[in-house]
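This is what each chain is made of:
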Amino acid sequence: MNKKILVWTVGLSSAFAMGYGLRIATEESQTTTHQLTSNSASLLPTSAKLAINHPSEQDSSSTLATSDSQKMPVASPVNLDGIVEQIIEITSNGMQGFQFRDVVDLYTLVDSLKEEDLLNILETHFSGPDQQTNPAALLVLLGKYIEIDVRAALAFISSKVSDRKTKNAAMMSALNRWSQEDALSAYNFFMQQSELDNPEYSGADSTMGLSTIFENLAILDLELAVDKLAEIGDADNQQFRALLGISNAMENKQDFLDFIKSTERLDNFGLTESIVGAWSRKDPEEVADWLESEYQGDKTKELREQLFTSWFYKDRVKSADWFITSSTSNSLRENVNRILQTWAWEDPQTGLNWLSQHSSEIYNQTTFVTFLQHASYKNPNFVAARIELVNDPEKKVGLATRVHMSLSRQSTEKAQAYLANSPYREKIIK
């Protein structure tokens, strides 16, 4: 099995499992490919086998034509319908029951196609109102087309692929391949299409393509990537997507520090926050150490909050512990409230468990009520079950009113049932 097929196999698995297109390597061993073609020839219709085998292996009575000077081999036409049927059969169940042998067979079928035959299949079976609804098969075929002619493939994807998810996956694959080979050309093409208001290259959906382009731009030249980051502005969230792409190219602490320094000339602190957020998702403890021991700017508070927000979704307890233990006496109350607000919305029970393990400086009636107030919007039943643990009667009524309002947004019936059984009914309806 050559390198190309191994990479192609990984790409195919990604297309099925994650909805992204295929990433196909550019080098191939002709000997190994021919061996695979021969081994898998039994899967093809007779006419397809003839097209794949060498002319010398074919029946001379059907492939040779006589002229005055010499006999020239004439290949039998490829049975494209038969190949399509086999591709669809192999991919019809997605990854369920998909075997390694299936990958080899699929590779053999698709890689044997000439460009005109591939386009014929795509036009006949996978475009227009009657196109096949097998996204895996389409992504496989588009992966080959992208390898042959990425610009033509992009044009086909833009105009002929109707399923939104399949289109986005294929466009990402095409832009990734192109930007790996020539990131600046891919960027220029993308921006030209965006300026022409091509709907496939403008708007929120299309900005995903910028991530892969800018990732490869950054690998090529970080300063060039930052120049282009400044050039695109932030329409339709493009700048944020581009920044995420550059962040994906960062491999270590020094890379992120270089990225931060490169963007300082843009005089946009929001970019710095976003970079720190991306860095935090990769290694939050490294960012924490940098903020505490090396950072010398005047935005410590903002960057600490950015770190906490990014870290929280990776490890809630550890991020909350860090945010508290590294707080000053002046910022402790504000930071506790930020933790409570975030946790109350996402996972109130775990948040309350964390809160209750702390001293009275952090866990007291004030913070408990604040936590319940935050939780009431999305978790009214959680709050209703704990109102009687509040000491202040007025705050009990306030929480009961919040619960009723939240339930009203969910269901009139639920709200009425709560009101009928609440000891604070008269005060709620005033």
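Details of the structure are given in the entry above.
Predicted model only: the values in this text are computed from it and were never measured.

(A) Spatial organisation of unusual backbone geometry. At Asp267, a residue that is not glycine, the phi angle is positive and equals roughly 50 degrees. When you line up the elements, Asp267 lands in the loop between helix 14 (253-263) and helix 15 (269-282). Note on Asp267: relative accessible area 71%, which makes it exposed.

(B) Representation of the packing of helix 8 (residues 135-148) against helix 9 (residues 150-160) within the structure. Following both chains from N to C, one finds helix 8 and helix 9 inclined at 140 degrees, their axes separated by 6 Å at the closest point. Classed by the angle they form, the pair helix 8 and helix 9 counts as oblique. On helix 9, the residues touching Leu142, Tyr145, Ile146 and Ile148 of helix 8 are Val150, Ala152, Ala153, Phe156 and Ile157. Looking at the contact of helix 8 with helix 9, its residues break down into nine nonpolar, no polar and no charged.

(C) The arrangement of the pattern of salt bridges in detail. Scanning the model with the defined rule gives 17 salt bridges in all. Among the ionic pairs, Glu305 bridges to Lys301, the shortest N-O distance being 2.9 Å. Taken together, the residues Glu305 and Lys301, both in helix 17 (residues 300-312) and four residues apart, mark about one turn of the helix. Among the residues examined, Lys301 registers a relative accessible area of 45% and is labelled partly exposed. Between Lys395 and Asp392 there is a salt bridge; the shortest N-O distance is 3.5 Å. Look at the salt bridges and you will find they share partners, linking Lys301, Glu305, Glu334 and Arg338 into a network.

(D) Quick look at the packing of helix 17 against helix 19 (residues 332-346). One can describe the packing of helix 17 onto helix 19 by two numbers: an axis separation of 12 Å at closest approach and a directional angle of 25 degrees. Of the possible angle classes, the one that applies to helix 17 and helix 19 is roughly parallel. Crossing geometry of helix 17 relative to helix 19 is assigned as right-handed. Counting all contacts with helix 17, which are made through Lys301, Arg304, Glu305, Phe308, Thr309 and Phe312, the residues of helix 19 involved are Glu334, Asn335, Arg338, Ile339, Thr342, Trp343 and Glu346. Each residue belonging to the contact of helix 17 with helix 19 can be placed in one class, and the counts come to four nonpolar, three polar and six charged.

(E) The nonpolar core, seen in detail. Ranked by internal contacts, the top residues of the largest apolar core, which has 106 residues, are Leu122, Leu141, Phe214, Ile246, Trp290 and Phe371. By residue number, the principal contributor to this core is helix 10 (residues 164-195), which donates 12 residues. Leaving out residues up to four positions away in the same chain, Leu122 has contacts with Ser127, Leu138, Leu141, Leu142, Tyr145 and Phe156.

(F) Here's a closer look at the environment of Pro423. Structurally, Pro423 is set in the loop between helix 24 (412-421) and helix 25 (425-428). For Pro423, a relative accessible area of 67% gives the class exposed. Distance in space between the C-alpha atoms of Pro423 and Ala400 is 9.2 Å, their sequence separation being 23 residues.

(G) Just the environment of Leu154, in detail. As for its position among the elements, Leu154 is in helix 9. Here the alpha-carbon distance between Leu154 and Met172, two residues 18 residues apart in the chain, equals 9.8 Å. Once residues within four sequence positions are removed from consideration, Leu154 is found in contact with Met171, Ala174, Leu175, Trp178, Phe189 and Tyr201.

(H) Broad picture of the packing of aromatic side chains. Per the counting criterion, the structure on display carries 15 aromatic pairs. Judged by centre distance (5.3 Å) and plane angle (45 degrees), the rings of Trp279 and Trp290 are tilted. A residue pair is termed long-range when its members are at least 10 positions apart, and Trp279 in helix 15 and Trp290 in helix 16 (residues 284-293) qualify at 11 residues. The pair formed by Trp279 and Trp290 is uniform in burial state, with each residue classed as buried. Three or more aromatic residues link up through ring pairs in this structure, and these residues are Phe308, Trp311, Phe312, Tyr313, Trp322, Phe323, Trp343 and Trp354. Taking the ring centre of Phe269 as reference, the NZ or CZ of Lys299 above it sits at 5.3 Å. Here the basic side chain of Arg386 rests over the ring of Phe382, its NZ or CZ set 3.8 Å away from the ring centre.

(I) How the structure looks around helix 5 (residues 80-91). The end-to-end C-alpha distance of helix 5 is 17 Å, a good match for the 16 Å that 12 residues give at a rise of 1.5 Å each. Along helix 5, nine of the 12 residues are buried, which leaves the element largely enclosed by surrounding structure. Where helix 5 is concerned, the buried positions are Leu80, Gly82, Ile83, Val84, Gln86, Ile87, Ile88, Ile90 and Thr91.

(J) Inspection of the environment of Gln86 at higher detail. Residue placement: Gln86 occurs in helix 5. Judged by its relative accessible area of 14%, Gln86 is buried. Once the C-alpha coordinates of Gln86 and Leu106 are considered, the two residues, 20 residues apart in sequence, prove to be 8.4 Å apart.

The rules behind the values
Residues numbered from 1 in each chain as written. Predicted model: local features only at pLDDT ≥ 70, side-chain atom pairs only at ≥ 80, totals over all residues. Heavy atoms only, no water. Helix = DSSP H or I, 4+ residues; strand = E, 2+ residues; numbered from the N terminus. Buried < 20%, exposed > 50% of the residue type's maximum accessible area, 1.4 Å probe, protein only. Axes fitted to C-alpha atoms, helices over the stretch in contact; angles between N-to-C directions. Parallel < 35°, antiparallel > 145°, perpendicular 65-115°, else oblique. Contact = heavy atoms within 4.5 Å. Nonpolar A, V, L, I, M, F, W, Y, C, P; charged D, E, K, R; others polar. Salt bridge = Lys/Arg side-chain N within 4 Å of Asp/Glu carboxyl O. Left-handed = near helix turned anticlockwise from the far one by under 90°. Core = buried A, V, L, I, M, F, W, Y, C linked by side-chain atoms within 4.5 Å. Phe/Tyr/Trp six-rings, centres within 6.5 Å; stacked < 30°, edge-to-face > 60°. Lys NZ or Arg CZ within 6 Å of the ring centre and 35° of its normal. Expected span 1.5 Å × (residues − 1).

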